[in-house]
Amino acid sequence: MDQQIAQNYEQAKQMYAQHGIDVDKVLERLAGIKISMHCWQGDDVRGFLFRDQDLSGGISVTGNYPGAARTPEELRADLEKAFSMIPGKHKVNLHAIYADTDEKVDLDQLEPKHFQKWVDWAKEQGLGLDFNPTCFSHDKSKDGFTLSHSDTEIRRFWIDHCKASRKIGAYFGEQLGQTCVTNVWVPDGYKDVPADRMAPRRRLKEALDEVFAEELNPEHNLDAVESKLFGLGSEAYVVGSHEFYMGYGIQNNKLICLDAGHFHPTEMISNKFSALALFTSGLLLHVSRPMRWDSDHVVVMDDELLDIGRELVRNDLLDMTHIGLDFFDGSINRVAAWVIGTRNTQKALLRAMLEPVEALKQAELEGDYTTRLALTEEFKTYPFGAVWDYYCAKSGVPVREQWLAEVKEYEKNVLLKRGQ
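Within each chain, residues carry numbers counting from 1 in the order of the written sequence. For a predicted model such as this one, the threshold for reporting local features is a pLDDT of at least 70, and the threshold for listing and counting side-chain atom pairs is 80 or more; totals across whole chains, interfaces and linings nevertheless cover every residue. Neither water nor hydrogens contribute to the side-chain values; these are computed over all heavy atoms in the structure.

Q: For this particular structure, what's the right way to read helix H7 (residues 242-252)?
A: Working note: α-helix, 3.6 residues per turn, so residues spaced by three or four point in the same direction. Taken together, the buried positions of H7 are occupied by His-242, Phe-244, Tyr-245, Tyr-248 and Gly-249. Projected down its long axis, H7 carries its buried residues within an arc of 155 degrees, all on one side. The exposed set on the far side of H7, more than 90 degrees from its buried face, consists of Glu-243 and Gln-251. Lining the buried residues of H7 we find helix H6 (198-211), strand E6 (221-226), strand E8 (255-259) and helix H8 (273-276). In the stretch just after H7, Asn-253 is the one whose phi turns positive, near 60 degrees. Partly exposed residues are those whose accessible area sits between 20% and 50% of the maximum for their type, while under 20% is buried and over 50% is exposed, using a 1.4 Å probe and protein chains only. Segments assigned H or I by DSSP are reported as helices when at least four residues long, segments assigned E as strands when at least two residues long, and all are numbered from the N terminus. Along the arc lie the directions from the helix axis toward the C-beta atoms. Every residue pair with non-hydrogen atoms within 4.5 Å of one another is taken to be in contact.

Next comes the structure, spelled out in structure tokens:
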């Protein structure tokens, strides 16, 4: 290890130790947190089952940066490259459309065998897998409805797809020895104000009840449900609102997924953790960066990301929270996007762990808001960067912006050749 990095780390340790913070233990704790990195950043949410199908369900990817993955092999190679520059061992989040099979199969007929190559790869890489049914970009979702559809046959198709997805998730968990989180999100909603808000929600509840009817081993699979405020084509009404899924998740012991881009632009998910955690079995996060709307920009170290880290750490919620990423930017190098977003999420957690949480809480309890504010502000300039550099070096991944040179080299030797 570089001598300067080690020296800076020792100096930082001494500074934090003055406030009772054991930095070595902090890094041990950070190493145990798995981030679920989403596969769809690598190919702009195209998948491999229906490559020619237009994106639908309010999903839009902008940009045409060269080098998007075209095959499962290319996507896995890109994921490997990204993980080589991210400290720790993590998970990959798959959508159903990323099945790796030569068989012509529709969504309702998917089985674990259609993802066996992903499982074999994950075993080799020491990674976990999470899963999502794909209730969009399909002929049977063109009118904007899936699980809440008024047509019984179409609704049956999506119920069967979600049931199949849960079994795939359970297979992932069993094979890999890491619990798979299978998250259900549907784009259902109306562009204009509906005459009947209740009927679609009643159908969605009944459909979900059937989807989740079979008990699965929670060590292998955990179910999550995800809300949305609005989307393209569902500006006036979304069937699966936050209130709907909050009620459903609490009543049915499901993880409640909070996506940073699925709320009002001034509404922050970090403020919801401590409330929901009192009533739920667990939380799933889709960490993103909304800009004006659910535009899924690459995660940066902004105030909300830092608050997400603080709320998880200060309220001791890490053990009940599954952290996933959800962004897709086709205007920049897609591997770089993964690296930037994942490392930033880890940095936010690290910064939160390096705060004097107990001192802040005690000052607050005593009504000493001066001390609370003073310590909060002073710790913003404490040398967490020295700790992060050491963690990266110790983990065998590039320190600071050194990773960018590796991405540029990979782009030159691999990504740019895909268009030739």
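This is not the end of the story, as more comes after the structure.
Q: Where do I start with the pairing of strand E4 (residues 180-184) in this structure?
A: The two faces of the sheet receive side chains in turn, since in a regular strand these alternate between them. Judged by how many residues are buried, E4 sits mostly within the fold: five of five residues are covered. The alternating pattern of E4 places Cys-180, Thr-182 and Val-184 on one face and Val-181 and Asn-183 on the opposite face, and all of these are buried. Relative to E6, E4 runs parallel, the two sharing five bridges. Residue pairing across strands places Asn-183 opposite Ala-224, the latter belonging to E6. When DSSP finds at least two bridges between two strands, those strands are taken to pair.

Q: Is there a simple way to think about the pairing of strand E11 (residues 293-297) in this case?
A: Across two bridges, the pairing between strand E10 (residues 289-291) and E11 is antiparallel. For Met-291, the partnering residue across the bridge sits in E11 and is Trp-293. Linkage of E10 to E11, two consecutive antiparallel strands, is achieved through a turn of one residue, within which Arg-292 is found at a positive phi near 75 degrees.

Q: Help me understand the UniProt feature "binding site: Mn(2+)" (unreviewed entry) in the chain in this model?
A: UniProt positions are given in the numbering used here, feature names are shortened, and annotations may be inferred rather than shown by experiment. Within this numbering scheme, the UniProt entry marks His-262, Asp-294 and Asp-296 as carrying the feature "binding site: Mn(2+)" (unreviewed entry). Spatially, the listed residues are clustered: although they cover 35 residues, their C-alpha atoms lie within 9.8 Å of one another. Considering the arrangement of structural elements, one finds His-262 in the loop between E8 and H8. The contact partners of His-262, leaving out residues within four places of it in the chain, are Trp-185, Glu-226, Ser-227, Lys-228, Leu-229 and Asp-294. N or O atoms closer than or at 3.5 Å make up a polar contact, with two conditions inside protein: a donor-capable atom paired with an acceptor-capable one, and, for residues adjacent in sequence, both atoms drawn from side chains. Only 3.4 Å separates the side chain of His-262 from the side chain of Glu-226, close enough to count as a polar contact. Locating Asp-294 in the fold gives a position in strand E11. If we ignore the near neighbours within four places in the chain, the residues touching Asp-294 are Lys-228, Asp-259, Gly-261 and His-262. At a separation of 3.1 Å, a polar atom in the side chain of Asp-294 contacts the side chain of Lys-228.

Q: What is the right way to look at the environment of Gly-173 in this model?
A: As for its position among the elements, Gly-173 is in helix H5 (residues 152-176). Residues Gly-173 and Gly-189, spaced 16 residues apart in sequence, show a C-alpha to C-alpha distance of 32 Å. Every residue in contact with Gly-173, bar those within four places of it in the chain, is listed here: Gln-178, Cys-180 and His-220.

Q: Would you take a moment to explain a nonpolar patch on the surface for this structure?
A: A surface patch of nonpolar side chains, about 350 Å² in accessible area, is lined by Ile-250, Leu-278 and Phe-279. Mapped onto the secondary structure, Leu-278 falls in the loop between H8 and strand E9 (283-287). For Leu-278, a relative accessible area of 68% translates into the label exposed. Patch membership needs two things, relative accessible area over 30% and no salt bridge, and members are linked within 9 Å if like-charged or within 5 Å if nonpolar (Val, Leu, Ile, Met, Phe, Trp, Tyr). For every accessible area listed, the method is Shrake-Rupley and the probe measures 1.4 Å; residues are considered covered only by the protein chains on display. By salt bridge we mean one thing: a side-chain nitrogen of Lys or Arg within 4 Å of a carboxyl oxygen of Asp or Glu.

Q: In this structure, what is going on with the packing of helix H3 (residues 72-83) against helix H10 (residues 334-353)? I would like to understand it.
A: In a pair of packed helices, the angle between the axes and the distance between the axes together describe the arrangement. With axes taken as lines fitted to C-alpha atoms, and helix axes fitted only over the stretch in contact, angles between N-to-C directions fall between 0 and 180 degrees. Where H3 contacts H10, the axes come no closer than 9 Å and their chain directions differ by 40 degrees. Relative to H10, the element H3 is oriented oblique. In terms of crossing hand, the pair formed by H3 and H10 is right-handed. Touching Leu-75, Asp-78, Leu-79, Lys-81 and Ala-82 of H3 are Val-335, Trp-338 and Val-339, all from H10. Here the term charged refers only to Asp, Glu, Lys and Arg, the term nonpolar to Ala, Val, Leu, Ile, Met, Phe, Trp, Tyr, Cys and Pro, and the term polar to all other amino acids, Gly among them. In terms of residue class, the contact of H3 with H10 is made up of six nonpolar, no polar and two charged. Orientation labels follow simple angle bins: below 35 degrees gives roughly parallel, above 145 gives roughly antiparallel, 65 to 115 gives roughly perpendicular, and whatever is left gives oblique. A clockwise turn of the near helix away from the far one marks a right-handed crossing, whereas an anticlockwise turn of less than a right angle marks a left-handed crossing.

Q: What is the right way to read the pattern of salt bridges from this model?
A: A side chain of one charge can pair with a side chain of the opposite charge when the charged atoms of the two come close. Scanning the model with the defined rule gives 27 salt bridges in all. Put simply, Asp-78 and Arg-418 hold a salt bridge, and the shortest N to O gap is 2.8 Å. With Asp-78 in helix H3 and Arg-418 in the segment after helix H14 (402-413), this pair connects stretches of sequence that are 340 residues apart. Taking the relative accessible area as the measure of exposure, Asp-78 reaches 2% and is therefore buried. Overall, Arg-418 belongs to the buried group, its relative accessible area being 8%. Overlapping salt bridges bring together Arg-70, Glu-74, Asp-78 and Arg-418 as one network.

Q: What is the right way to read H10 from this model?
A: The span one expects for a helix is its residue count, reduced by one, times 1.5 Å. Taking 1.5 Å as the rise per residue, H10 with 20 residues should run 28 Å; its terminal C-alpha atoms sit 29 Å apart, in good agreement. For H10, the capping residue at the N-terminal end is Asn-333, with a side-chain oxygen 2.9 Å from the backbone nitrogen of Val-335.

Q: Help me out: how do you make sense of the nonpolar core in this one?
A: In a soluble, globular protein the nonpolar side chains are often hidden away together inside. Among the buried residues, those of types Ala, Val, Leu, Ile, Met, Phe, Trp, Tyr and Cys that are joined through side-chain atoms within 4.5 Å form a nonpolar core. Membership of the largest hydrophobic core comes to 123 residues, with the highest contact counts inside it found for Tyr-16, Leu-94, Leu-147 and Phe-172. Sort the elements by how many residues they give to this core and H10 lands first, with ten residues. For Leu-94, the residues in contact, after removing those within four places along its chain, are Cys-39, Trp-40, Phe-115, Trp-118, Leu-129, Asp-130, Phe-131, Asn-132 and Phe-172.

Q: What's the story with the environment of Val-399 in this structure? I'm lost.
A: By secondary structure assignment, the location of Val-399 is in the loop between helix H13 (384-395) and H14. Put simply, Val-399 and Ile-86 are 313 residues apart on the chain and 9.9 Å apart in space, counted from C-alpha to C-alpha. Residues in contact with Val-399, not counting those within four places in the same chain, are Ile-5, Arg-343, Asp-389, Cys-392 and Ala-393.

Q: Can you help me understand unusual backbone geometry in this one?
A: For residues besides glycine, phi is generally negative; the peptide bonds are generally trans as well. Backbone geometry places Asp-44, a non-glycine residue, at a positive phi of 65 degrees. Here Asp-44 shows up in the loop between strand E1 (35-38) and H3. By relative accessible area, which is 12% here, Asp-44 ends up buried. Backbone geometry places Asn-253, a non-glycine residue, at a positive phi of 60 degrees.

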